[in-house]
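The lines below spell out each chain.
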Amino acid sequence: DIVMTQTPLSSPVTLGQPASISCRSSQSLVHSDGNTYLSWLQQRPGQPPRLLIYKISKRFSGVPDRFSGSGAGTDFTLKISRVEAEDVGVYFCTQATQFPYTFGQGTKLEIK
Amino acid sequence: QVQLVESGGGVVQPGGSLRLSCAASGFTFSHYGMHWVRQAPGKGLEWVAFIRADGSDRYYADSVKGRFTISRDNSKNTLYVQMNSLRAEDTAVYYCAKRFYDILTGYYDFDFWGQGTLVTVSS
């Protein structure tokens, strides 16, 4: 199984400042079809997860442009350019390149 | 708008069975693969199972293989998971989530989620 490792596990951030979360996979996420199926999810307190980014860097419908994704192969990053209060929650990376799909442990974003 | 509504959760004794349902609306259910994902209390996300749009292929996490069966009824726009031989470690909120596909974009997963249904396995 592909292991997804996120860092940091907790990220206290000042409102208006940037935040960055890293995700590393135990093997390349490049699929045989040439795509890389790495997504980022946000889970606000008491809510189900919500898709933010798919295929490394494509923002899902309705996601603010302060969220961006980058990376390749086994190393990926989610960046928030200016953190807002509504961004508080847990962020998960996930790979859909190979079954069984797997998730990172989650990174808790909180306001300082 | 896309809606996924899970039901069927509750308290069950170890070794017992439960069937969860996920009622879908707002999209052509028969065109999209579907997932079950679970989250133990205070923990992260664990992918459970996936079924293709036409039900032709199913995939499972090792932790549930042989005990859980994912299925769908496209005439009823409903996804199911039959859970047998339940264990304490199966206690979790169970979410259904959709796969997206179109000819231009290809596919990507988890574009919409339900609110979840809680399963508690306890004596």
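In this report, the structure presented in the accompanying data block is examined. (Residues numbered from 1 in each chain as written. Chains lettered and ligands numbered in written order. Predicted model: local features only at pLDDT ≥ 70, side-chain atom pairs only at ≥ 80, totals over all residues. Heavy atoms only, no water.)

### Quick word on the environment of B:Gln1
Residue and element names in this part refer to chain B.
- Mapped onto the secondary structure, Gln1 falls in the segment before strand E1 (3–7).
- Of the residues examined, Gln1 reaches a relative accessible area of 75% and is grouped as exposed.
- Gln1 has contacts with Ser25 and Gly26, leaving out every residue within four places of it along the chain. (Helix = DSSP H or I, 4+ residues; strand = E, 2+ residues; numbered from the N terminus. Buried < 20%, exposed > 50% of the residue type's maximum accessible area, 1.4 Å probe, protein only. Contact = heavy atoms within 4.5 Å.)

### Things to note about the sheet that holds strand E8 (residues 75–80) of chain A
Residues and elements named next belong to chain A.
- Read across the open sheet, the four strands follow the order E1-E3-E8-E7; overall the sheet is antiparallel. The strands lining the two open edges of the sheet, one partner per strand, are strand E1 (4–7) and strand E7 (67–72). Averaged over all pairs of adjacent strands, the angle between strand axes in this sheet comes to 20 degrees, irrespective of strand direction.
- Where E7 meets E8, six bridges bridge the pair, whose relative direction is antiparallel. Bridge assignment links Ser68 to a residue of E8, and that residue is Lys79. (Pairing = 2+ DSSP bridges. Axes fitted to C-alpha atoms, helices over the stretch in contact; angles between N-to-C directions.)

### Remarks on the pattern of salt bridges
All names here are of chain B.
- Here the structure, examined in full by the defined rule, presents eleven salt bridges over all chains.
- Here Glu46 makes a salt bridge to Arg38, at a shortest N to O gap of 2.7 Å.
- Residue Glu46 is classed as partly exposed on the basis of its relative accessible area, which comes to 31%.
- Relative accessible area serves as the criterion here: at 5%, Arg38 is assigned to the buried category. (Salt bridge = Lys/Arg side-chain N within 4 Å of Asp/Glu carboxyl O.)

### Some words on the interface of chain A and chain B
- Between chain A and chain B, the contact holds 20 residues from the first and 23 residues from the second.
- Roughly 1,900 Å² is buried in total at the junction of chain A and chain B, and carbon and sulfur atoms are behind 67% of that figure.
- Per-residue buried area on chain A facing chain B is highest for A:Phe99, A:Tyr101 and A:Phe103; these three make up 31% of the total on that side.
- For the pair chain A and chain B, the number of links is zero salt bridges.
- Summed over the shared surface of chain A and chain B, the number is five residue pairs in polar contact (both at pLDDT 80 or more).
- Split by residue class, the side of chain A that touches chain B holds 13 nonpolar, four polar and three charged. (Buried area = accessible area lost by both parts, 1.4 Å probe. Polar contact = N/O pair within 3.5 Å; in protein donor to acceptor, adjacent residues only side chain to side chain. Nonpolar A, V, L, I, M, F, W, Y, C, P; charged D, E, K, R; others polar.)

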